[in-house]
Amino acid sequence: MSLRERLASGAFAVTAEISPPRGADTGPITQTAALLRDWVDAVNVTDNQGSNVRLASWAGSLAAMAAGLEPVMQMTCRDRNRIALQSDLLGASALGIRNILVMTGDHPKFGDHPEAKPVFDLDSIQLLWALRAMRDDHVLLSGRTLNPAPDCFLGAVENPFAPPAGFRAERLGKKVAAGAQFVQTQFVFDTAAFARWMAQVRDLGLHERCYILAGVGAVRSRRALDFMRDKVPGVQVPDDVYRRLRAVPADQTAAEGARLAAETIQQLTTIDGVAGVHLLVAGNEQAVPGILDGAGVRADRDGR
């Protein structure tokens, strides 16, 4: 069962994330896929995450497919103009990559080549419009026709907690209008605040037009906890969560973080309109089985 089919069936979906290696080798992706294959419905393959050079997302996606795991190929607007972006979609579709996650992308100044020139020819909403037109109307942005048109399941990202908080649901609405069929969110630590955002999403009817996958991560260290609380825009770490993870010995932070992630997933399953979770566990994939078992969402994914 594909990710698109699982979401359409109403079953609770689980996606995770793979960061391609900094090198010309797909071996690390194959190894990670083996850890995740029986536990998730699909895996994001990041596109030079954090503006750092890594193996291309399309290459990582092909490696994930070869390892029996359905990929979600990320496409950022940072590095490519509209010609390259449209070409990448055609190539991905021709090679059987169906899930495309569209992002504007981080500025190069934050990565390992801060002197690189940013492109940003399109933003994420404009790119969604363009890719949907390619699929549904069989036309490029130039107006020229496509034969055959690409087959793609379009996704976007959203941060329910970024300011101004009162307009985040409306921003999601723009992405849905542009063509987003599923959305993955930023880390959710404050489930009460997330539930309030989901109420706004439901008021706009967006949960009936787009599948919402809530982002859930497992904090591995006190340093990571402090970084997310103080440095990551839009991530809200409630005081009770912070105190809980700080209260355990440092060498038990990862285990407590995994338990917290499982509890968060359990809470998210009770919120109307949540179609699944996106596990932000790159580098900590071995924690996935325990998190999902603890959350009670283990499902037989054989024959997907």
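In what follows, the accompanying structure is described. (Residues numbered from 1 in each chain as written. Predicted model: local features only at pLDDT ≥ 70, side-chain atom pairs only at ≥ 80, totals over all residues. Heavy atoms only, no water.)

### With respect to the nonpolar core
Part 1: If you look at the biggest cluster of nonpolar residues, it comprises 49 residues, and the most contacted ones within it are Phe194, Ile265 and Leu279.
Part 2: When residues no more than four places from it in sequence are discounted, the contact partners of Phe194 are Pro160, Phe161, Thr185, Val188, Ile212, Ala214, Leu268, Ile271 and Val274.
Part 3: Counting 21 residues, the second-largest nonpolar core is a separate cluster that includes Leu127, Leu128, Leu146 and Cys152. (Core = buried A, V, L, I, M, F, W, Y, C linked by side-chain atoms within 4.5 Å. Buried < 20%, exposed > 50% of the residue type's maximum accessible area, 1.4 Å probe, protein only. Contact = heavy atoms within 4.5 Å.)

### What about the environment of Thr76?
Part 1: Structurally, the position occupied by Thr76 is in strand S3 (residues 71–76).
Part 2: Under the relative-accessibility criterion, Thr76 is labelled buried at 3%.
Part 3: The contacts of Thr76, once residues within four sequence positions are left out, are Asp47, Leu85, Met103, Thr104 and Gly105. (Helix = DSSP H or I, 4+ residues; strand = E, 2+ residues; numbered from the N terminus.)

### As for the packing of helix H6 (residues 168–178) against helix H7 (residues 191–203)
How two helices pack is summed up by the angle between their axes together with the distance between the axes.
Part 1: Axis separation between H6 and H7 bottoms out at 9 Å; the angle between their running directions is 50°. One finds that H6 runs oblique with respect to H7. The interaxial crossing formed by H6 with H7 has right-handed handedness. Every residue of H7 that contacts H6 at Arg168, Ala169 and Leu172 is listed here: Trp197, Gln200 and Val201.
Part 2: Here the residues of the contact of H6 with H7 sort into 4 nonpolar, 1 polar and 1 charged. (Axes fitted to C-alpha atoms, helices over the stretch in contact; angles between N-to-C directions. Parallel < 35°, antiparallel > 145°, perpendicular 65-115°, else oblique. Left-handed = near helix turned anticlockwise from the far one by under 90°. Nonpolar A, V, L, I, M, F, W, Y, C, P; charged D, E, K, R; others polar.)

### Some words on the packing of helix H10 (residues 253–268) against helix H11 (residues 288–295)
Part 1: One way to put it is that H10 packs onto H11 with a least axis distance of 8 Å and a crossing angle of 45°. Comparing their axes, H11 and H10 come out oblique. Every pair of crossing elements has a handedness; the one defined by H10 and H11 is right-handed. In this structure, H10 uses Ala258, Ala261, Ala262, Ile265 and Gln266 to contact H11, whose residues at the interface are Ile291, Leu292, Gly294 and Ala295.
Part 2: Residues of the contact of H10 with H11, tallied by class, amount to 7 nonpolar, 2 polar and no charged.

### Observations regarding the layout of surface pockets
Empty pockets left among the atoms are what a rolling probe the size of a water molecule brings to light.
Part 1: Of the voids in this model, the largest pocket is the one considered here, and its volume is about 1,800 Å³.
Part 2: For the lining of the largest pocket, the secondary-structure elements that each account for two or more residues are S3, strand S4 (99–103), strand S5 (153–158), H6, strand S6 (182–187) and helix H8 (222–231).
Part 3: Per-class residue counts for the lining of the largest pocket are 16 nonpolar, 20 polar and 13 charged. (1 Å grid on protein atoms, 1.4 Å probe; cavity = no way out; pocket = protein on both sides within 12 Å on 5 of 7 lines; lining within 4 Å. Points joined across faces, edges and corners; volume = space filled by probe spheres on them.)

### Examining the environment of Ser142
Part 1: As for its placement among the helices and strands, Ser142 is situated in the loop between helix H5 (124–136) and S5.
Part 2: Its relative accessible area of 56% is what places Ser142 among the exposed residues.
Part 3: Distance in space between the C-alpha atoms of Ser142 and Ala130 is 10.0 Å, their sequence separation being 12 residues.
Part 4: Reaching out from Ser142, the side chain makes a polar contact with the backbone nitrogen of Arg144 at a distance of 3.3 Å. (Polar contact = N/O pair within 3.5 Å; in protein donor to acceptor, adjacent residues only side chain to side chain.)

### Description of the pairing of S5
Part 1: Taken across its 6 residues, S5 has 5 buried, putting it largely inside the fold.
Part 2: Summarising the sheet, S4 and S5 pair through 4 bridges and their orientation is parallel. Residue Leu101 lies in a different strand from S5, and its bridge partner there is Gly155.
Part 3: By the bridge criterion, 4 bridges tie S5 to S6 in an arrangement that is parallel. (Pairing = 2+ DSSP bridges.)

### What about the side chain of Arg80?
Part 1: Relative to the assigned elements, Arg80 resides in the loop between S3 and helix H4 (82–94).
Part 2: Taking the relative accessible area as the measure of exposure, Arg80 reaches 17% and is therefore buried.
Part 3: In this structure the side chain of Arg80 is engaged in a polar contact, spanning 2.8 Å, whose partner is the side chain of Asp47.
Part 4: Within polar-contact distance, the side chain of Arg80 engages the side chain of Asp88 at 2.9 Å.
Part 5: In contact with Arg80, not counting residues within four places along its chain, are Asp47, Met75, Leu85, Asp88 and Val119.

### Details of the packing of aromatic side chains
Pairs of aromatic rings are described using the distance from one ring centre to the other and the angle between the two planes.
Part 1: Counted under the stated rule, the structure contains 3 aromatic pairs.
Part 2: Ring centres of Phe194 and Trp197 lie 5.5 Å apart, and the angle between their planes is 45°; on these two criteria the pair is classed as tilted. Of this pair, Phe194 and Trp197 both sit in helix H7, 3 residues apart, which is roughly one turn of that helix. Accessibility classification places Phe194 together with Trp197 in one group, the buried group.
Part 3: Directly above the ring of Tyr242 sits Arg229, whose terminal nitrogen or CZ lies 4.0 Å from the centroid. (Phe/Tyr/Trp six-rings, centres within 6.5 Å; stacked < 30°, edge-to-face > 60°. Lys NZ or Arg CZ within 6 Å of the ring centre and 35° of its normal.)

### Re the state of the cysteines
Part 1: For the structure shown, the criterion picks out 0 disulfides.
Part 2: Residue Cys77 stays outside any disulfide, its sulfur separated by 14 Å from that of Cys152, the closest cysteine.
Part 3: Free cysteine Cys152: the closest other cysteine sulfur is in Cys210, separated by 14 Å.
Part 4: Judged by relative accessible area, Cys152 falls into the buried class, the value being 1%. (Disulfide = S-S within 2.5 Å.)

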